[in-house]
Amino acid sequence: MVANHCVPTSNSSAAYTTRDGCPWWCVTGHGSPRDPGWHESLSAHVTAPALSANQCTGERPETLLSATVVTLADRPDVFGTTTRLWVDVPGDTLELTVPETDMLIARLEAFLPRLRAARQLLASASMDDRPENPAAVERYMTALHDRITARTVAVAA
Ligand SMILES: [Zn+2]
């Protein structure tokens, strides 16, 4: 069970959030300076096992997927309430209903056997990988530099 951190207060930064209606699963620190003004559950995360191609050494691996139940309750007597599963993917957020969440689950379950098959292919195909040859790299880079220099000189002439 998730601890309920909701604290009724009259001077919060999100005074519109209904504290009386704070659900048992909410972990939002209502009344704190970081109160987003909605009710939010703990999140489930899938973190990348390695850095992405655009990341630098020392950075933390990206979260590939996270799922959090969120209830928007801004003046609920006026605007009502809306509860969705917020699924964060790099660069965007999906706000899913229960049927849409079922579709996501089905697609992820269908993805896992394909991921396992790709892993098996990777294990087989990577057995033919071979290490870089530093001397050959040096010869290649020297020859490349020489071709670029020759072409630059020819264009300038
Ligand atoms: Zn709450």
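Analysis parameters
Position numbers for residues count from 1 along each chain, tracking the sequence in the order it is written. For a predicted model such as this one, the threshold for reporting local features is a pLDDT of at least 70, and the threshold for listing and counting side-chain atom pairs is 80 or more; totals across whole chains, interfaces and linings nevertheless cover every residue. Helix and strand assignments follow DSSP, with helices taken as H or I runs no shorter than four residues and strands as E runs no shorter than two, numbered in order from the N terminus. Remark: C-beta atoms are placed from the backbone, and a residue is labelled buried if 20 or more other C-beta atoms sit within 10 Å of its own, exposed if 12 or fewer do, or partly exposed between those counts. Residue pairs qualify as contacts under a 7 Å threshold applied to their C-beta atoms, which are placed from the backbone. Each helix should span, by expectation, one fewer than its residue count multiplied by 1.5 Å. A strand pair is defined by DSSP finding two or more bridges across the two strands. Each residue carries a pLDDT score, the predictor's own confidence in it, on a scale running from 0 to 100.

### Topic: the overall build of the protein chain
When helices and strands are counted, the protein chain shows three helices and five strands. Scanning the protein chain from its N terminus toward the C terminus, one meets helices and strands in the order β-β-β-α-β-β-α-α. Across the 157 residues in the protein chain, those meeting the buried criterion constitute 7%. Considering only contacts in the protein chain between residues 6 or more positions apart, those separated by 24 or more positions represent 26%.

### Some words on helix H3 (residues 134-156)
Its 23 residues place the ends of H3 33 Å apart at the C-alpha level, agreeing with the 33 Å of an ideal helix rising 1.5 Å per residue. The element H3 is largely exposed, with a buried count of zero among its 23 residues.

### Focus on the pairing of strand S4 (residues 82-89)
Two elements, strand S3 (residues 63-72) and S4, share seven bridges in a ladder whose sense is antiparallel. Bridge pairing links Ser 66 to Asp 88 in S4. Once S4 ends, the chain turns through two residues before running back antiparallel as strand S5 (residues 92-96), passing Gly 91 with a positive phi of about 90°.

### Description of the confidence of the model for the protein chain
Residue-level pLDDT values for the protein chain average 87, and 87% of them are 70 or greater. Within the protein chain, the lowest mean pLDDT, 87, falls on helix H1 (residues 76-79), and the highest, 98, falls on helix H2 (residues 98-125). In this model, residues 1-16 is a region of pLDDT below 50 whose contacts with residues beyond four sequence positions or in other chains number 33 contacts.

### Describing H2
With 28 residues, H2 should cover 40 Å at 1.5 Å per step; its first-to-last C-alpha distance of 40 Å lies within 8% of that length. Taking burial as the measure, the 28 residues of H2 include zero buried ones, a minor fraction of the element.

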